[in-house]
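# A closer look at the structure
Listed below are the residues making up each chain.
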Amino acid sequence: MTSNSTNYSAKQIWEMDKKHFIHPYNDFSTFADEGSQIISKAEGMYVTDADGRSYLDAIAGLWCVNIGHGRQEMADTISAQVLNMAYYNPFGHCTNEPGSILAAKLAELAPGDLNHVFYTCGGSTAVDSAIRLVHFYNNQRGKTNKKQIISRNNAYHGSTYVAANLTGIHATKNSFDRIADSWISHISAADMFHRPAGAEDLTETQYCDFLVNEFENRIIQLGEDNVAAFIAEPIMGAGGVLVAPDGYHKAMHAICQKYDMLYIADEVVTSFGRLGQFFSSEAVFDMQPDIIITAKGISSGYIPLGAAIISSRVYDVIAQPQCEGGLLSMGYTYTGHPVACAAALKNIEIIERENLLEHVQQIGPYFQEKIKSLSDLKIFGEARGSHLMLGLEFVADNQSKAPLPAEAKVANRIFDHCGKLGLIIRPIGNTIVMSPPLIIDKEQVDTITELLRESINNTIRDLVTDGYISA
Ligand SMILES: Cc1ncc(COP(=O)(O)O)c(C=O)c1O
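About the cut-offs
Residues numbered from 1 in each chain as written. Predicted model: local features only at pLDDT ≥ 70, side-chain atom pairs only at ≥ 80, totals over all residues. Heavy atoms only, no water. Helix = DSSP H or I, 4+ residues; strand = E, 2+ residues; numbered from the N terminus. Rg over C-alpha atoms; globule rule 2.2 N^0.38 Å. Buried < 20%, exposed > 50% of the residue type's maximum accessible area, 1.4 Å probe, protein only. Contact = heavy atoms within 4.5 Å. Areas by Shrake-Rupley, 256 points an atom, 1.4 Å probe, with all protein chains shown as cover. Lys, Arg positive; Asp, Glu negative; His and termini not counted. Charge placed at Lys NZ, Arg CZ, Asp CG, Glu CD. Pairing = 2+ DSSP bridges. Axes fitted to C-alpha atoms, helices over the stretch in contact; angles between N-to-C directions. Salt bridge = Lys/Arg side-chain N within 4 Å of Asp/Glu carboxyl O. Patch = residues over 30% accessible without salt bridge, like charges linked within 9 Å, V, L, I, M, F, W, Y side chains within 5 Å. Phe/Tyr/Trp six-rings, centres within 6.5 Å; stacked < 30°, edge-to-face > 60°. Lys NZ or Arg CZ within 6 Å of the ring centre and 35° of its normal. Parallel < 35°, antiparallel > 145°, perpendicular 65-115°, else oblique. Left-handed = near helix turned anticlockwise from the far one by under 90°. Nonpolar A, V, L, I, M, F, W, Y, C, P; charged D, E, K, R; others polar. Polar contact = N/O pair within 3.5 Å; in protein donor to acceptor, adjacent residues only side chain to side chain. Near = heavy atom within 4 Å. Core = buried A, V, L, I, M, F, W, Y, C linked by side-chain atoms within 4.5 Å. Right-handed = clockwise from strand over helix to strand, strands pointing away.

## Some thoughts on the overall build of the chain
Counting secondary structure elements, the chain contains 15 helices and 17 strands. Its C-alpha atoms give the chain a radius of gyration of 23 Å, within 12% of the compact-globule value 23 Å for 471 residues. Looking at the 471 residues of the chain, the share that counts as buried comes to 52%. A sequence separation of at least 24 residues applies to 70% of the contacts in the chain between residues at least 6 apart. Accessible surface, the chain: about 21000 Å² in total, of which carbon and sulfur atoms supply 51%. Charge-centre separation for the chain: the mean point of 36 positive side chains lies 2 Å from the mean point of 54 negative side chains.

Structural data, given as structure tokens:
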């Protein structure tokens, strides 16, 4: 391994990491031998590891580096804010300039009357904060039993206690406690490819009605006086890029209104350009939620930031003192951190100045089409998504769509082959997901498609050798 810009060799860092760094979603069974891949440099669409190998980053770090890596003006903005005023207390009536300006900008970009911003340090904490506010909102209205939150199987909402309980990828909760089970429940994912029993042969419209009925039945079962909110990603991300049937979000929102529930749109992935809009709830799905959760692309991952953006209707209730002298008693040391907010303002300026939303509107359909051109491959199941958010699911046979067993680890094999060819994708179950930086061009889309074809062909050979599929 080559050395890097610190005083340590890459080998030393690899060992320190292995001994001391607890990584999120780490597979400890292989970590002890393999350790971590160290990514040392990043520029534009590419990252470089400690051995000097370059990779095309088709996942924008982790759905977040939307403007691409290594922008000088982001570094300059962050540096200038650190020197000018790195931090001061945001509690009570104290504020800072970038935090205030960004809140006004977010209110301008968010749909309708979503005019009030509660800042956090990431997506999970924004979800947790939103749920606390929803409960507080109902307490303020005297509806103290309205506490139930309905989420969906396969949803991903984060890793803090409540966000993890809302998450519907249930295997992630094995051996963890579920303290919020009494007020969190899950309904079916809107999953066109793997439909629940009884919904296999429905048309898209009928399937949508099926899901909306399931939601309404759950509300009736829980009791109208007990239901507080529904939380959903516009397109499920970590659950495998699942696109709901047409009209689904609008219909679910109508049910929320019918039962005096709030609709929380978790746009941690789908905001800041990934679907060609700053926010997708209204612009893409024709629905105005009561709360939008955002993070990741808000600062393109240059520095941590998240936010829950709240409607004036909800704000007007939570802004009433709950008792004489009562405060809104929640918040973080780093709420509205000036450096993070300055970075987010610069990030938005770059997205606007470089017309990145228009660019995504054009290149997004090309990306989706090119990946669908892999459908002749024997294990191609389905390519789905929208714009620069894509999932590609693999099966044992592209005609029958028979599933591959989990132990075949098809997505991990493809990930390994892609890595050898200089491409980073993300494996999830039998699906690979891609979410490249918004600056991607047609040539890079073509390169991703070619490298994927080669990696999938190499994987097919391995699967034949190991007896998972026939030649
Ligand atoms: C939809 C969604 N919500 C919430 C989160 C949690 O965000 P964070 O990891 O910043 O806490 C994620 C993270 O991937 C996400 O995809």
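The structure having been displayed, the exposition proceeds.
## Here's the deal with the sheet that holds strand β6 (residues 184–187)
A sheet is described by the order of its strands in space; here 7 strands give the open sequence β4-β12-β11-β10-β7-β5-β6, paired in mixed fashion. At either end of the open sheet lies a strand with only one pairing partner, and these are β4 (114–120) and β6. Taking each pair of neighbouring strands and ignoring which way they run, the sheet shows an average axis angle of 25°. With 4 bridges joining them, strand β11 (residues 291–294) and strand β12 (residues 306–311) adopt antiparallel strand pairing. Residue pairing for β12: Ile-293 is matched across the bridge by Ala-308. Sheet strands in contact with helix α6 (residues 123–140) are β4, β5 (148–152), β7 (227–232), β10 (262–266), β11 and β12, and its direction is about 160° off that of β11.

## Some words on the pattern of salt bridges
In the structure shown here, the tally under the stated rule is 19 salt bridges. Residues Glu-354 and Arg-71 are paired through a salt bridge, measuring 2.7 Å at the closest nitrogen-oxygen approach. Within this pair, whereas Glu-354 is found in the loop between α12 (338–353) and α13 (356–372), its partner Arg-71 is found in the loop between α3 (60–63) and α4 (72–85), the two being separated by 283 residues in sequence. Overall, the relative accessible area of 32% leaves Glu-354 in the partly exposed class.

## Regarding a negative patch on the surface
Together, Asp-27, Asp-33, Glu-34 and Asp-416 give the surface a local cluster of negative charge. Following the sequence through the fold, Asp-416 ends up in helix α14 (residues 410–421).

## Topic: the packing of aromatic side chains
Tallied over the full model, the rule gives 8 aromatic pairs. Seen in terms of ring centroids, Phe-215 and Phe-230 are 4.7 Å apart; in terms of plane orientation they differ by 45°. Their pairing is tilted. Taken together, the residues span a long stretch of sequence, with Phe-215 in helix α8 (residues 204–222) and Phe-230 in strand β7 at a distance of 15 residues. One residue, Arg-195, lies across the ring of Tyr-207, its end atom 4.5 Å from the ring centre. Taking NZ or CZ as reference, Lys-442 lies 4.6 Å from the ring centre of Tyr-366, over its face.

## Concerning the packing of helix α5 (residues 97–109) against α12
At their nearest, the axes of α5 and α12 sit 8 Å apart, and the two run at 40° to each other. Comparing the axis directions of α5 and α12 gives the class oblique. For α5 against α12, the interelement crossing comes out left-handed. Across the interface between the two elements, Pro-98, Gly-99, Ile-101, Leu-102, Lys-105, Leu-106 and Leu-109 of α5 pack against Pro-338, Cys-341, Ala-342, Ala-344, Leu-345, Ile-348 and Glu-352 of α12. Residue composition of the contact of α5 with α12, grouped by class: 11 nonpolar, 1 polar and 2 charged.

## Some points on the environment of Thr-95
Within the secondary structure, Thr-95 is located in the loop between α4 and α5. Along the sequence, Thr-95 and Ala-396 sit 301 residues apart, while their C-alpha atoms lie 57 Å from each other. There is a polar contact of 3.1 Å between the side chain of Thr-95 and the side chain of Ser-100.

## Comments concerning the site of the ligand
Close to the ligand lie Gly-122, Gly-123, Ser-124, Tyr-156, His-157, Gly-158, Glu-233, Asp-266, Val-268, Val-269 and Lys-296, which account for all nearby residues. Asp-266 is positioned such that a nitrogen or oxygen atom in its side chain is 2.7 Å from a nitrogen atom of the ligand. A breakdown of the residues in the shell around the ligand according to their chemical character gives 3 nonpolar, 5 polar and 3 charged.

## Overview of the nonpolar core
Phe-215, Phe-230, Ile-371, Leu-392, Leu-452 and Ile-456 are the most contacted members of the largest nonpolar core, which totals 88 residues. By size, the runner-up hydrophobic cluster in this structure holds 30 residues, among which are Ile-131, Leu-133, Ile-231 and Ala-295.

## Notes on the environment of Ala-254
For Ala-254, the location among the structural elements is in helix α9 (residues 248–258). Separated by 33 residues in the primary sequence, Ala-254 and Met-287 have C-alpha atoms spaced 9.1 Å apart.

## Quick look at the sheet that holds strand β2 (residues 46–49)
If you trace the 4 strands from one edge of the open sheet to the other, you get β1-β2-β3-β15, paired in mixed fashion. A strand with exactly one partner marks an edge of an open sheet, and here the two such strands are β1 (39–43) and β15 (423–424). Where β2 lies against strand β3 (residues 54–57), 3 bridges are found, and the strand directions are antiparallel. Within the sheet, the bridge partner assigned to Val-47 lies in β3 and is Tyr-55.

## Overview of the pairing of β6
Neither face of β6 is left uncovered, since the one carrying Ile-184 and His-186 and the one carrying Ser-185 and Ile-187 both have all their residues buried. In terms of strand pairing, β5 meets β6 through 4 bridges, oriented parallel. When the bridges of β6 are listed, Ile-150 appears paired with Ser-185. Handedness of the crossover joining β5 and β6 through helix α7 (residues 161–166): right-handed.

By themselves, these observations are geometric and do not establish any function.
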